[in-house]
Structure formats: structure tokens, C-alpha cells
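One letter stands for each residue in the lines below.
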Amino acid sequence: MTISYKWLHEYLPVTVEPERLSRILTSIGLEVESMEAYEEIKGGLQGLVIGEVLTCEKHPDADKLSITTVNAGAAEPLQIVCGAPNVAAGQKVVVATVGTTIYPSSGEPLTMKKVKIRGVESHGMICAEDEIGLGSSHAGILILPADVKVGTAAADYFKPYTDWVIEIGLTPNHMDAMSHIGVARDVIAYLNFHDKKQYTLKSPFSNGFKVDRKTLPITVSIENNNACQRYSGVSISGITVQESPVWMKQRLKAIGVRPINNIVDITNYILHETGQPLHAFDADAVTGGTVVVKNLAEGTAFLTLDEKERKLSADDLMICNKEEPMCIAGVFGGTKSGVKETTKNIFLESAWFNPVTTRKTSFRHNLRTDAATRFEKGVDISNTVNVLKRAALLIKELGAGEIASDIVDVYPAPKEKQQIALKYHYLKKISGKNYHPDTVKKIFESLGFELIKESIDEIWVAAPFSKPDMELPADLAEEIMRIDGLDNVEIPTSITISPSTEADQTSFAYKEKISNILAGQGFNEIFTNSIANSAWYDEEVLTTTVKMLNNLSAELNVMRPSMLETGLQCLSFNLNRKNNSLRLFEFGKTYTTSDIGKYFETDHLAIYTTGSTEASWKQKASAVDVYFLKSVVNSILKYAGLTAETEIAETEKGFSGLINYKVKKQIVAKVGIVDAAQLKQFDIKQPVYFADINWNILTQLASKAKLEYKEIARFPSVERDLAIVIEKSISYAEVEKAIGNAKVSRLKSVSLFDVFESEKIGAGKKSLALNFVFQDDEKTLTDKETEKMMGTLVQTLEKQFAAEIRK
């Protein structure tokens, strides 16, 4: 939610400094995410002055240049070379002196310097309107009225609009603060409580509404009273569609709304002022003089304002005339009934549409409009007519029209205000503070609550319609605490909790230990969204993907079927900020479905690496690779007490190479290289390596694994190296498995420390250099015993792989 500081003060009875306002808003639960200075004209015309051209002569060496002397209010006139065709002596102009920075309407800022142009010194520039951000014309310099005083600062003469723009992070229950008036009401309640004042809102609503003539009556019929519980409207004739006044355009632009014309701008202005969306129809397009609010048949075609034909759902509420639909209710208008430059008569709508149906329609058609975001959170159903009158008077004032009908207000079942009781002891329990009953009443009155009754231990209030989330005593307690200030909540000296217990702690224990292992290896834990973008996955994957019915946004619409994509999104975010070497891990879930109502949830440990290892005093930085990631996975499986077999897996989409780790014929982990197409989708330009550990299988197997402990051996180990030549097609994993099957009991470990390939050792051959470690727990091994074990291993390798021993 974007708030204009100056606009907000139209409704505040006193001026509140920007810094204090920011603190107040955050304190009352309207968290300020940013507060930035806004300039309608970038740079604010600072440094520019009004000058007078004293002389103007042609440049001797350039036909299109003139040499001028300009009085800019300094002791001496300035000599300025000017290329404008309309420059002449006696003109009042805008001058950028040496050292001044100008901000063109398009292009980069430019700082004035003393320069020579065709041999003539120039001490600044006489400006055109586009060169200083005042317009788009570059036909010539900007010429001002003759009575402007020389030396006047351009900022003082043009008075460019400045403001503070405040971005508020609203929680979903604060729909009443989705407008300037709503925010102002909360600020006033805070000031009344803390400054001990009796301030009231400066209301924009007046009693000046009256019908000029009843020449354009339009009736309204509601066929779906649940989706539209109130519909108000009024006709205005003889309007002129034109540009909005400067003050309105300035306020709208400050909050990021692009001005269009006076009619559309007024509806946008009222939306951000009151929180009530409006829609203006070309009244001549309301055939039959009747507006019908109803649902249409499934698949009905409708052309919206963005020139796209949309197929309607039978659940979409539509605003229709006698013959055809005109607007998707509360979401988006249609091309035929929209306000155009030629429009002379309009019908203005102010309604209450059901939040649930509006939200579903908005997401169904991917139309996330300002109107839809307000209707889906709930607007003030009691305010439709007041807002309509306010808008009609503005249109009459700015559009030169006449109010041409009575207000039509269809409200079949008027709502009653929600009545809620708040016991003072409950308030103390929730807030931790004792509030005086008079204080509670004052806060409720400032927020627009109606006092129903009170007693010694409780108070009954009716919640205003602008706060449709008020249902429980806890909601009332929150309002009291907000206005007191959430940063004033007292911290108790002790906290009483009921600790939760789990029947099986295995998963949590392994998570903690393995997280520590990974952190010790330089990894950082991340937490990504389990809701993902369906555009990341192909049609085959989407057939088993869990799709969301009420997705948070058009992009976040499925539950992730894989951990890879959300991790790549995190990598991309960091890589785009020059964080090029990353080691990340995440414990998360994936989701799949085989049929409606049959859903499967799987726990994973995902590991991502890219970039280089860290350099240290004993080794240089080197690029991470799949072997580095394999060593990480091996250390995790070793800690879990699992011995896995590895195999080259069939290629999966998203990977250019994949290795499976199997324990008891179950795939417990996968390690792979992410392929280029997948990386391109996230704009990643360097290799990424990914490991996916099935956490459910790992913890299930680890819980059954028998861990044995024994004392550290007292006798030394013996190492031997061996180089063998084998076929290139034979993997090290096969060699390692064969060595393990040789059943050499005193062999403690084997590792690969070199791979060599050359035509000198034979075509299609490779050399593996292996290191063996032997140890006996009962005695020191002799050379004879060691050589005997090495002989057994050599025979195994020669027999199984026809290995040649390199001398």
C-alpha cells in the first residue's frame, strides 16, 4: 500500500513530521517498509536560475550556434554558446550555470562545465523544457514571461511538486487501512491516545450533492444477491473528457498511478482516498437503461479493456445491460462500455462485491487490479452512497457535467453491525497491561466503533463496517494494543509454555547433526517457498503436480514437485548480486498427486553448489565439481551409518549427468549436474551441482542401522599405493565395489587419488592410482602380511577387469 505524505495530511487535523509519522505507522501495525522523497521533476530544478539574454550574435564558425551574454543575477554576465533557433536578446530564460546538474526528461543527468565550443568559451547552458524535465519539447529554449525577476531560483518560480512516499506492508486483516482516510483514522486515534487530544478526521464528504435534472435515469437489478449485496449508481450528463487538474495528477503520480483523463483519474483518486472502488460506464452503452448484475453461461466470450477476449466462468459475476455484458464485476471493464474521449454521459457505479467470488474471478483471469485487491479483502458496505456523492461532485466540478438522476441504491438485505463484548480481564490477559475503561472507550470511539453498553468488567461495541474482520474479543484487544503501540507491549519476566513432545525424535536429531556437518563444510541453510511457478515445469511433470485453487499470485500457483527449481531461484538471486561462490542446503518438502484427493508429501535434503572453493594458506581456490558434491553426500551417509552403492542413472530432465546412491535397492540420494537449459530458465551462466537426498528413506534406513563403537586402534596403519590400467568404460565405483567384495578384513579404506589417460598406455585405456590403508587391531602388521593382502587385491582386479599393474 502506497501513501502520499501530503495527501494524507488532507485528512489529518495537525501536521506530523515524516519521521514521527513513520514511527507511528509501524507502532500501530501498519509497518513502514520504505519512506522515500518524491520529486515530480527529478532533481527539483536545484541550481537552475532565471536569466535574461542581454545580447545574441551569430557564432563566427557555426551557422546554427549563437553567442549570448546572459544576466543570471551574478555580478558579471555569463557568456553562453546556444544552439537553439529561437534564442534572442531580451528573453527571460532558464539558465544552468557551471556546476549545476540537470536531469533531462529522458537520458542521463548532466553536470555543467566550462567548455569551448568552436573556439568560444561557454559558461553554462540556456535550457529547453525537455533538458530540465519540465516537458518533452526540444523545439527551442524555454521562454518565460517578461515580468519574471532575474536571479530567481527556477525551483521557486516553477514550484515543482515534492512529497514523501510511504510504502506500508499491510497484513490481510487491515483492509480498513487500504486508503488514505483509513490510515489517517488510525493515526488520529494514536495521537488522541498519546497526545491526550480530541482530534477528528478532516472529512472530504460534503452535503452539497443535489440532482440538477432527471434526464438520464438508469435502473439496477441484482440477480445474485450473495455475490453483490449492495449496488449504488448515479448518472452524470454533459461531461467533457479532458486532462485532470495539476493537483490531482501530482497526487496520483506520487503514489505510482498514471493519470489518464479526468473521469478515470477521479475514480482512481476516490479509490485511494476512501478505499472504495468505482467504475464509470459510458451511459450511452447501457442499452435499455438498465444495469443487471448476474452470472452468465460458462464459456461466454467477453472483450476486456486490454483488448483480450476472455472465456467467462459461470461463477464470474458480470455487470450487464439489457443485451450484453459490460464489465467483470469488481475486477475489470469491457471495451464497449468504457469511457472514451467522445463520451458525454456516464453512469457511475459504487458497489459491494463478495470478497471470495471477486478473488476467484481475479485469479481465474489473471487480472490483479487495484479494485479486485480491495473487494477481495472487504470494503465498507455502508459507504457506497457517500463515496458515490463525493465522486459525482468531483466529476461535476472537473468534467463540467450535470447530475442527471437520483442515486439508485439497491440494498436487498441491509447488514447489521457486528456486536462484540470485551471483558477487561481478558484484555489484560492478552495484552499484559491494565487499561482504564475510559481509555478503552476513547480508543474505540477514535476508531469509529459504536458503544453499545458497558459494565464494571466488560464493554460491548459495534464494529464499523470499514473493519469487516472484527469478530472476536481478541480482535478488539488487538485494536487497543495497536493504538497503544505494539512496541509498548510489555515483556513479561517469565514465560509459561507447554513443551511439545514427539514420539519419534530420529528425524529431528539427524537434521540437527547433519545441519552442523554441512555448516562445518561451509554451507549455508536456506528456506525457499514450497509454492512454485508452473511455468518452470513441462507438461509431463505438471500431470502429477498439485495445483492450487486459490493461489497467492498468478506466478505462485502449484506446490513444488521438485526441490531443484526453488533452489535455482535462490541461486540466481545471489548470483545477480555478485555472490558467485555458493554452498547452500535446504530441508524441504515436495508434493505430487495421482488423482483428485490423493496427495503425497516427501521430505528432502537438497544441496546446491556453484562457483569455487575458498582459498586458504595451503591451497588455491578451485572450481567445485560433481566430485566435491559426492564427497559431501558420502559424509552424510557415513554419519547416518549407511553404506551405499553408486550407479550412473538414466538421464533425467534438468540434468546433464546423474548418479544414484542405493541402499538396500532403494534410491536414497541423487547427485547431478544441472543442464544448461534449466540454468538458462533462471538466467544462471555458471555450472551448478545439485544433490537430492530422500529424507524419508534416509531416516528410515538410518534408524535401523546398527552403529558400533570401538576404541581407537593402538597399532599403526600401513598404506600402499597401486596404479592399474583398465578400460575407459570401467567406472571407479565398479572397482571400489570389487575391492569391497574381496573380503580383505584388515583393509580399512581405499581411495582414488589420480586418473591418467594417454595413448602411451593404450587406446581406450586409463590409469587409476589407488591408495589402500590396512590396520590390525591386535598387532602391528608385517610387510609379509601386507604384501599378501595386496596380492589378493591385485588378483581380484586382474581377474575381474583384466587390469594391468603399472610399475
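You'll find the structure just up there.
Cut-off values and rules
- Residues numbered from 1 in each chain as written.
- Predicted model: local features only at pLDDT ≥ 70, side-chain atom pairs only at ≥ 80, totals over all residues.
- Heavy atoms only, no water.
- Helix = DSSP H or I, 4+ residues; strand = E, 2+ residues; numbered from the N terminus.
- Polar contact = N/O pair within 3.5 Å; in protein donor to acceptor, adjacent residues only side chain to side chain.
- Contact = heavy atoms within 4.5 Å.
- Disulfide = S-S within 2.5 Å.
- Pairing = 2+ DSSP bridges.
- Axes fitted to C-alpha atoms, helices over the stretch in contact; angles between N-to-C directions.
- Parallel < 35°, antiparallel > 145°, perpendicular 65-115°, else oblique.
- Left-handed = near helix turned anticlockwise from the far one by under 90°.
- Nonpolar A, V, L, I, M, F, W, Y, C, P; charged D, E, K, R; others polar.

1. Things to note about the side chain of S431
Right, on to step 1. Inspection of the secondary structure assignment puts S431 in helix α10 (residues 424–431).
Right, on to step 2. Within polar-contact distance, the side chain of S431 engages the backbone oxygen of L427 at 2.7 Å.
Right, on to step 3. Engagement of the side chain of S431 in a polar contact is seen with the backbone nitrogen of K433, the distance being 3.2 Å.
Right, on to step 4. Excluding its chain neighbours within four sequence positions, the residues that come into contact with S431 are M481 and V489.

2. Topic: the state of the cysteines
Right, on to step 1. Going through the model one piece at a time under the given rule, you end up with zero disulfides.
Right, on to step 2. Between C127, a cysteine without a disulfide, and C82, which holds the nearest cysteine sulfur, the sulfur-to-sulfur distance is 9.3 Å.
Right, on to step 3. This cysteine, C327, is not joined by any disulfide, and C320 carries the nearest cysteine sulfur, 9.5 Å off.

3. Some details on the sheet that holds strand β20 (residues 317–320)
Right, on to step 1. Overall, mixed pairing links the five strands, which are arranged β14-β17-β20-β21-β22 in an open sheet. Across the chains shown, the open sheet's two edge strands, defined by having one partner strand only, are β14 (219–222) and β22 (332–333).
Right, on to step 2. Bridge count between β14 and strand β17 (residues 290–295): four bridges; the pairing is parallel. Within the sheet, the bridge partner assigned to I222 lies in β17 and is V293.

4. Examining the packing of helix α5 (residues 246–254) against helix α6 (residues 262–274)
Right, on to step 1. Closest axis-to-axis distance for the α5/α6 pair is 11 Å, and the angle between their directions is 55°. One element, α5, and the other, α6, form an angle in the oblique class. Along this stretch, α5 crosses α6, giving a crossing that reads as left-handed. Between α5 and α6, the contacting residues are W247, M248, R251 and L252 on the first element and D265, I266, N268 and Y269 on the second.
Right, on to step 2. Along the lines of polarity and charge, the residues of the contact of α5 with α6 split into five nonpolar, one polar and two charged.

5. Side note on the sheet that holds strand β27 (residues 450–454)
Right, on to step 1. Across the sheet, which stays open at both edges, the three strands sit in the order β26-β28-β27 with antiparallel pairing between neighbours. The open sheet terminates on both sides in strands that have one partner only, identified here as β26 (419–423) and β27. Strand after strand, the sheet turns through a mean of 25° between neighbouring axes, direction not considered.
Right, on to step 2. The sheet contact formed by β26 and strand β28 (residues 458–462) spans five bridges and is antiparallel. Directly across from A421, in β28, lies its bridge partner W460.
Right, on to step 3. Contacts from helix α11 (residues 437–446) reach β26, β27 and β28, with the element oriented near 5° to β28.

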